[in-house]
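# Observations on chain architecture
Here is what each chain is made of, one letter per residue.
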Amino acid sequence: MPETPEQLYARVAADLRMPPVETWDTFPFDGEMRPRPLRPPVEREEPREGEDGIDCQSCSALDDEYVWTTDRWRLRSFDRPTGLPIVLLLDSREHYAEPGDLPDELAAELGVMLSRIERAIRSIGEIGRVHVCRWGDGGEHLHWWFMARPARTPQLIGSFAAVWDEILPPVPEDVWRADIAAVVAALEAD
Ligand SMILES: [Zn+2]
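Residues numbered from 1 in each chain as written. Predicted model: local features only at pLDDT ≥ 70, side-chain atom pairs only at ≥ 80, totals over all residues. Heavy atoms only, no water.

## Observations concerning the coordination of the zinc ion
Protein-derived coordination of the zinc ion comes from Cys-56 (SG), Cys-59 (SG), His-95 (ND1) and His-141 (ND1), at a distance range of 2.0 to 2.3 Å. Taken together, the 4 donor atoms surrounding the zinc ion define angles of 106 to 115° at the centre, an arrangement classified as tetrahedral. In the primary structure, the donors to the zinc ion are separated according to the pattern C-x2-C-x35-H-x45-H. Residue Cys-56 is found in the loop between helix H1 (5-12) and helix H2 (57-60), and its partner His-95 is found in the loop between strand E3 (86-92) and helix H3 (104-122); the two are separated by 39 residues along the sequence. (Donors = N, O, S within 2.8 Å, 3.2 Å for Na, K, Ca; no water. Tetrahedral: all angles 85-135°; square planar, octahedral: opposite > 155°, others 65-115°. Helix = DSSP H or I, 4+ residues; strand = E, 2+ residues; numbered from the N terminus.)

Spelled out as structure tokens, the structure:
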């Protein structure tokens, strides 16, 4: 069994390491850096947005707030352009919290959905990779991220793409809208 949070904190708090980020080509920041002090564990985790489906934004959202929907899945974008060319989120239509909570049939269909959406995003051109991610520490309603990074820009590879999304100025709105429309067209043609 892993250490308790208290054991972990007692062991590491005074001994944090600073990795050699200056040698990492994908690290987005420059200058002198040090790790933030680690705060001690909390008594209990804060509830996530929409916990147990109560006041859940995803449950209460209408289909027309999504760019593409099926009987059991809904795909949404942000309401304004992102720094990366395409950032989309796939929600289950019903409220589930964790991937492991899905009934087998839905879990199997999720695999197909992740594959279809990744393929549709990649098909629009000039995409180097589509990162497919699930964190789930913000809202409880099960959602998967699709983050497409630009092609041929090696500094933007890997997990820091999620941070570069906030650093790159937003894509021009008309380009962003056309790209999302192209993804939806590809999904419908698939
Ligand atoms: Zn929900």
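## Points about the packing of H3 against helix H5 (residues 173-189)
At a minimum axis distance of 8 Å, the contact between H3 and H5 shows a crossing angle of 130°. Viewed along their axes, H3 and H5 adopt a mutual orientation that is oblique. Relative to H5, H3 is oriented so that their crossing is right-handed. Across from Arg-116, Ile-117, Ala-120 and Ile-121 in H3, the residues of H5 making contact are Val-183, Ala-186 and Leu-187. Of the residues that constitute the contact of H3 with H5, the class distribution is 6 nonpolar, no polar and 1 charged. (Axes fitted to C-alpha atoms, helices over the stretch in contact; angles between N-to-C directions. Parallel < 35°, antiparallel > 145°, perpendicular 65-115°, else oblique. Left-handed = near helix turned anticlockwise from the far one by under 90°. Contact = heavy atoms within 4.5 Å. Nonpolar A, V, L, I, M, F, W, Y, C, P; charged D, E, K, R; others polar.)

## Side note on the nonpolar core
For soluble globular proteins, the rule of thumb is that nonpolar side chains tend to be buried together. If you look at the biggest cluster of nonpolar residues, it comprises 26 residues, and the most contacted ones within it are Leu-75, Leu-90, Ile-121 and Phe-146. Elements with a contribution of two residues or more to this core: strand E2 (73-77), E3, H3, strand E4 (127-133), strand E5 (143-150) and H5. Excluding residues that lie within four positions of it along the chain, Ile-121 makes contacts with Ile-86, Leu-88, Ile-127, Val-130, Phe-146, Ala-148 and Val-183. (Core = buried A, V, L, I, M, F, W, Y, C linked by side-chain atoms within 4.5 Å. Buried < 20%, exposed > 50% of the residue type's maximum accessible area, 1.4 Å probe, protein only.)

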